[in-house]
Each structure stands twice: as C-alpha cells, then as structure tokens.
Amino acid sequence: MTEAQKLKRGTYHLWTFMTSKLISTFGANVYSFAISFYILQLTGSATNFALNLICSILPRTIAAPFAGYVADNFSRKRTIILAQAASVLAIAGLLTVSLMNGLSLTAIYITTCLLSLTSTFSGITFTSSISGLVDENRIQKAMSLNQMSISLASIVAPALGGVLYGAVSIPVFLIIYLIASLVALILDSTMDFQLFAKRSHVPVAGQEKEKLWVSMKEGFAYLKTKPVIQTIIFIALFINFFFGSFQVGYSFVLIEKLGMKSEHFGILEGAFAVGMLLLSVYLTIRKEIKYPLITAKYGIIGLALVIGGIAVPLLVPFSYQAMFVFYLILMLAIGSFLTIINTPIGVMMQKSVDDDFKGRVISILETMAQVLMPLGTVIYGFLYDWVAAEWVLFISAGIIIGIALFMLRPSVIANAYSERKNALQRITG
C-alpha cells in the first residue's frame, strides 16, 4: 500500500471511528439517562444511585490491567469486536428480563457490571489503537473528532431521554441502545487497526503469549522511564476520588433537592456535552497544545470552581427559570474544562508511549485513576444522605484546587519539560 493510499485509508478511519462513537455513545447515554432517573425515582436515595455508579466503576478498575495485557498481546481488532459483541448480549439479556419479569435493581446492577467490563476491554484497546488507525500528524484531530462525536451524542441523547422518559417504557430505551451497539459493531469491523502502528512485535494467533504478571511488570518498568506520565497518574488518582462529589451530587441535588423536571434535566445533560463539543471543535482546528500539564492545571482549578458552584442555589434563592439558566452555564463550563484537560493529555500520551506498551500504560492509568473512585462514590453516597450537600460540594472543590496547585506546582512542570525549562520559567513565573 502506497503512502497516499494509507493516508486515504486513515481519513476513512477518522470518520468511521467518529461515526461509530457517535452512534454507540448515543445509545449508551439514552440508556444511562433512563436508568439514572428510574433508580432515583424508584428509591429516592443517593446511596442506591451511587451503588449503580460503583457497579460501573469497580469492574472497570479490576479489569483494566487484564485489558491492557490483552491489548498488547492479542489482536486489537478481534478484542474490540468480541467486547462489543458481549455488550450487545448483555443489553439483550436485560431487555429480555424487563419484558418477562420487569426491571429490578439487581438486574440493573448486574447489567451495569457486565457493560462496564466490556467497555473496559473495548475502550482501552481502542485508545491503544488510535496511533495505528491514523498518521501521527492527525492524532490530535482524531482525538478531538472522537470527543466531538461523544459530545454530539451526549447533546441529543439526554434531551431525547428527557422527552421520552415517562412517555415510553424502559424496554424502548434498551432497544435504542441495542440497535446503536449493533451498528457500531459493524462499523468497527471495517477498520484496519495496524495501518500506522509501529510495533516491534505484532501478536499472531496461536503464538505463545507472555505471562500476565511478566507483561505487567514490564509495563511498570517502562512507566518508570516516563516521569510526566507518572505525574498524570497520581493526579488522576486523587482528582477522580473527589470528583465523586460531582458524579453523585449533581443528579442528587438537581432531582431530589431542587425538583428539576426530567426534560430540563435532560437539556442540562446536553449542555454538558455542548461545552465538550465547543472545545473539541476548537482543538480540532488549532495547533497542538505545547504544554498540556499547564493547561490541565488551570482546567482542574476551573473544574473545581464549577463543582462548588453547584451548591449556590441551595444557599441563594433562585426562581426556577434562573436556576435552570445558572446550571446551564455551569454544565457548559464543566464540559469545556474536562475537554481542555483530557484531550491534550491524551494526545501527549499517544505520542510519548511506544505502541508495544500502550495498552499496559493506558490500563495502569485507567486503574490508578479509578482505584479510589468506588470508595469515593460510596462515601459521597452516604455523605449526601447525611450531610448538607453544599458543605460536601464546597469542601470537595477546595481540596481539588489544593491538589492541582501542589501536584502541578511550577517546579514540577519545569522538571516535566526540562528541555524547555527557560521558556517555562517565564510562563509559570
């Protein structure tokens, strides 16, 4: 295949990858919206809502090291196809149960665990494959387009979910998710995951594989040579724990404390995605961000301020319309901050990690980023049931700001970019 043909094929990958993500994320968000509302309205408890989050987070945390091992030692395309096929079966199973016996919390929790496992294997493997799907010059564009597709789906899905909820049954939401997953599976099967890959060892079917423990040990040894990525991992470890204050508290405050209507809540969920979309478009057309860690530092601080802002209507009287507009602005902001943090960091990792280790490094990041999230979700679930929500949000926001200022202090950033230390000293003061 000539270089021109490879670039043309890479362009196909860009748009197919984007379309696949758009469709699958749309289905997942419609389902997630309906299930979240169903649990909160059925039980009225932040604890039960948090348990469903734990069923999503805990399996992902446990499975991530295995997913990284599989991504580096087996066919990435086959892994993605099998994982997505398993998610289709899980959705079909829940649909069957709901039609025969009706939904129960137990069935929802089990399905959430299964979907979390399948998405871990497909997600880590997909992320490991981006540099194999497109040429190096278009990695930021690929990741930004990927984020745009997720954002577009996240805009439409909650709004549609808000309109449909109460008008149709839960099985209708499951059917939408099932169809979307099947279409995404077909699209992903058409891509060549080795097109631009730079691997010294390409896995071959039937070939003896490296032992899991040996493979993970090599991954950690490789990670020791990447101090910047180590910094990112430890920041993610702590930030994600305290981000549980938003994950549990946002829905609980708006639905239970402030009585937000389902259709308005859906629009707010869409606004979150609009913020992500706007920043993704910006990152698609601009040059690659030169200092991702500096960008991440201020993005995390902005994120914390928004989390604290969620509590303001609990303390200051708002009319319903004013409250809606206020949260609309906050959700636009939080989507923007998450994108400006995650996309440049993701591009940096795609370019700085060797293809042969990418699955294991990403799985280590995934594991460390989420290892404390189940504990954080449980703690915040109980806190919101027993402590005033405004105190939980304000204190958590303050801690997040403190973490960003300490772990990304000027000396740490200067060491991370030691080859550009003089320029950074002028930027960071």
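As the structure is a prediction and not an experimental result, all values here were calculated from the model. (Residues numbered from 1 in each chain as written. Predicted model: local features only at pLDDT ≥ 70, side-chain atom pairs only at ≥ 80, totals over all residues. Heavy atoms only, no water.)

Tallying secondary structure elements over the chain gives 18 helices and 0 strands in all. The C-alpha atoms of the chain give a radius of gyration of 21 Å, which matches the 22 Å a tight globule of 429 residues would have. In terms of overall dimensions, the chain has C-alpha extents of about 60 × 60 × 40 Å along its principal axes. Per-residue burial over the chain gives 55% buried out of 429 residues. (Helix = DSSP H or I, 4+ residues; strand = E, 2+ residues; numbered from the N terminus. Rg over C-alpha atoms; globule rule 2.2 N^0.38 Å. Buried < 20%, exposed > 50% of the residue type's maximum accessible area, 1.4 Å probe, protein only.)

Summed over all chains, the structure comprises 5 salt bridges. Between Arg 138 and Asp 135 there is a salt bridge, with the nearest N and O atoms lying 2.7 Å from each other. Residue class for Arg 138 comes out buried when judged on its relative accessible area of 18%. For Asp 135, a relative accessible area of 11% gives the class buried. Members of the salt-bridge network, linked through shared partners, are Asp 72, Arg 76, Glu 218 and Arg 360. (Salt bridge = Lys/Arg side-chain N within 4 Å of Asp/Glu carboxyl O.)

What follows concerns a nonpolar patch on the surface. Together, Val 378, Phe 382, Trp 386, Val 387, Trp 391, Ile 395 and Ile 399 make up a nonpolar patch on the protein surface, roughly 750 Å² of accessible area in all. Among the secondary structure elements, those contributing two or more residues to the nonpolar patch are α15 (373-386) and α16 (389-407). (Patch = residues over 30% accessible without salt bridge, like charges linked within 9 Å, V, L, I, M, F, W, Y side chains within 5 Å. Areas by Shrake-Rupley, 256 points an atom, 1.4 Å probe, with all protein chains shown as cover.)

End to end, α16 covers 27 Å across 19 residues, agreeing with the expected 27 Å (1.5 Å per residue, within 8%). The complete set of buried residues in α16 reads Ala 389, Glu 390, Val 392, Leu 393, Ser 396, Ala 397, Ile 400, Ile 403, Ala 404 and Met 407. The arc enclosing the buried residues of α16, seen along the axis, measures out at 160°, which places them on a common side. The outward face of α16, more than 90 degrees from its buried face, is lined by the exposed residues Trp 391 and Phe 406. (Expected span 1.5 Å × (residues − 1). Arc of directions from axis to C-beta.)

Running from amino to carboxyl end, helix α1 (residues 3-43) crosses helix α4 (residues 105-133) at an angle of 160°, the nearest separation of the two axes being 13 Å. Judged by the angle between their axes, α1 and α4 are roughly antiparallel. You can see that α1 and α4 cross each other, and the crossing is left-handed. Judged by residue contacts, Gly 10, His 13, Phe 17, Tyr 31, Ile 35, Tyr 38, Ile 39, Leu 42 and Thr 43 of α1 engage Leu 105, Ile 108, Tyr 109, Thr 111, Thr 112, Leu 115, Phe 126, Ile 130 and Leu 133 from α4. Looking at the contact of α1 with α4 residue by residue, the classes come out as 13 nonpolar, 5 polar and no charged. (Axes fitted to C-alpha atoms, helices over the stretch in contact; angles between N-to-C directions. Parallel < 35°, antiparallel > 145°, perpendicular 65-115°, else oblique. Left-handed = near helix turned anticlockwise from the far one by under 90°. Contact = heavy atoms within 4.5 Å. Nonpolar A, V, L, I, M, F, W, Y, C, P; charged D, E, K, R; others polar.)

So, about the side chain of Thr 284. Here Thr 284 shows up in helix α10 (residues 262-285). By relative accessible area, Thr 284 is classed as buried at 19%. In terms of polar contacts, Thr 284 uses its side chain to reach the backbone carbonyl oxygen of Ser 280, at 2.7 Å. Ignoring sequence-local partners within four residues, the contact set of Thr 284 consists of Lys 141, Ser 144, Leu 145 and Met 148. (Polar contact = N/O pair within 3.5 Å; in protein donor to acceptor, adjacent residues only side chain to side chain.)

Across all of its chains, the model carries 14 aromatic pairs by this definition. A centroid spacing of 5.3 Å and a plane angle of 50° characterise the contact between Phe 318 and Phe 326, whose relative ring orientation is tilted. Classification of Phe 318 as partly exposed rests on a relative accessible area of 30%. Members of the aromatic cluster, joined through ring pairs, are Phe 241, Phe 242, Phe 252, Tyr 380 and Tyr 384. Between Lys 261 and the ring centre of Tyr 320, over which it is positioned, the NZ or CZ distance is 5.8 Å. The residue whose ring lies beneath Arg 409 is Phe 406, and the NZ or CZ to ring-centre distance is 4.5 Å. (Phe/Tyr/Trp six-rings, centres within 6.5 Å; stacked < 30°, edge-to-face > 60°. Lys NZ or Arg CZ within 6 Å of the ring centre and 35° of its normal.)

All right, on to helix α9 (residues 244-257) then. In terms of residue burial, α9 counts as a mostly covered element, since 11 of its 14 residues are buried. Listing the buried residues of α9 in full gives Gly 244, Ser 245, Phe 246, Val 248, Gly 249, Tyr 250, Ser 251, Phe 252, Val 253, Leu 254 and Ile 255. Among the residues trailing α9, Gly 259 stands out with phi positive, at a value near 65°.

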